[in-house]
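Analysis of the macromolecular model
The primary structure of each chain is shown beneath.
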Amino acid sequence: SRIIVTDLLCWIPFVFICVLHSTEVMDATGLYGFFSIILLPINSIVNPIIYDDYLETQITHMIKYLRGSLTRSLSRITSRLHSQESKNSVIAAPNGLEMTEMS
């Protein structure tokens, strides 16, 4: 939303002046230099700063998500391995008693 606001703040006045000039309401020939040298370059300077902040925030969120997802996946795999090991280590003896397998 910050990107949209800064773009609007820089471009709406320019578009408005262009419309007034095109409809011959005013002669905006002298203002084109102001817009092209001062106002529009400000937008070009501000956009990378905003994109950089946005990109950094998104990368931070993605890393947190991936780290949490990886942790959950590893936890599930570990619990499955432990349950599989416990099933394999208990053997029923012929007399109905359970014996642990020694490896």
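Note that the structure is a prediction, hence the values are computed from the model and not measured.

Here is what the cut-offs are and how they apply
- Residue indices begin from 1 for each chain and proceed along its sequence in written order.
- With the structure being a predicted model, the display of local features is reserved for residues of pLDDT at least 70 and the display and counting of side-chain atom pairs for 80 or more, all residues being used for whole-chain, interface and lining totals.
- The side-chain quantities take in all heavy atoms of the structure and omit both hydrogens and water.
- A run of H or I in DSSP becomes a helix once it reaches four residues, and a run of E becomes a strand once it reaches two; helices and strands are each numbered from the N terminus.
- Accessibility here uses a 1.4 Å probe with only protein chains present; expressed as a share of the type maximum, an area under 20% marks a residue as buried, one over 50% as exposed, and anything in between as partly exposed.
- Should any heavy atoms of two residues lie within 4.5 Å, those residues are considered in contact.
- Grouping buried Ala, Val, Leu, Ile, Met, Phe, Trp, Tyr and Cys residues that are joined through side-chain atoms within 4.5 Å yields what is termed a nonpolar core.
- What goes into a patch is any residue over 30% in relative accessible area without a salt bridge, connected to like charges within 9 Å or, for nonpolar side chains (Val, Leu, Ile, Met, Phe, Trp, Tyr), within 5 Å.
- Each accessible area is a Shrake-Rupley result for a 1.4 Å probe, and residues are judged covered by the shown protein chains and nothing else.
- The salt bridge definition used is simple: a Lys or Arg side-chain nitrogen within 4 Å of an Asp or Glu carboxyl oxygen.
- By this rule the span expected of a helix is its residue count minus one, scaled by 1.5 Å.
- Note on bend: the value at a residue is the angle between axes fitted to the seven residues ending there and to the seven starting there.
- Whether two aromatic rings pair depends on their centres lying within 6.5 Å, for rings of Phe, Tyr and Trp, where Trp uses its six-membered ring; planes under 30 degrees apart make the pair stacked, over 60 edge-to-face, and the rest tilted.

For the chain, the helix and strand inventory stands at 2 helices and 2 strands. Expressed as a percentage of its 103 residues, the buried residues of the chain come to 15%. Restricting to contacts in the chain with at least 6 residues of sequence separation, those with at least 24 account for 40%.

Grouped together as the largest cluster of nonpolar side chains are 6 residues: Phe14, Ile17, Cys18, Ala28, Phe35 and Leu39. Elements with a minimum of two residues in this core: helix 1 (2-22) and helix 2 (29-89). With 3 residues, the single largest contributor to this core is helix 1.

For the rest of this paragraph, the subject is a nonpolar patch on the surface. Taken together, the side chains of Val25, Met26, Leu31, Phe34, Ile37, Ile38 and Ile42 define a hydrophobic patch exposed on the protein surface, amounting to about 620 Å² of accessible area. Following the sequence through the fold, Leu31 ends up in helix 2.

We now examine the side chain of Asn43. Inspection of the secondary structure assignment puts Asn43 in helix 2. Filtering out sequence-adjacent residues up to four positions away, Asn43 remains in contact with Thr6, Asp7, Cys10 and Trp11.

Time to look at helix 1. Residue pairs three or four apart in sequence face the same way in an α-helix, which turns once every 3.6 residues. For helix 1, spanning 21 residues, the distance from its first C-alpha to its last is 30 Å, which sits close to the expected 30 Å at 1.5 Å a residue. Of all the bends found along helix 1, the most pronounced is centred on Trp11 and spans about 30°, while Pro13, a proline, follows it within four residues. Of the residues flanking the end of helix 1, it is Glu24, one or two places downstream, whose phi is positive at about 60°.

Glancing now at the packing of aromatic side chains. Going through the model one piece at a time under the given rule, you end up with 4 aromatic pairs. Geometrically, the ring pair formed by Trp11 and Phe14 is edge-to-face, given 5.7 Å between the ring centres and 80° between the ring planes. With Trp11 and Phe14 both in helix 1 and 3 residues apart, this pair spans about one turn of that helix. A ring pair is formed by Phe34 and Phe35, whose centres lie 5.5 Å apart and whose planes are at 70°; its orientation type is edge-to-face.

Okay, unusual backbone geometry next. The phi torsion at Glu24 lies on the positive side, around 60°, for a residue other than glycine. Counting through the fold element by element, Glu24 comes out in the loop between helix 1 and helix 2.

Turning to the environment of Leu9, a few remarks are in order. In this structure, Leu9 sits in helix 1. Once the C-alpha coordinates of Leu9 and Leu40 are considered, the two residues, 31 residues apart in sequence, prove to be 9.8 Å apart.

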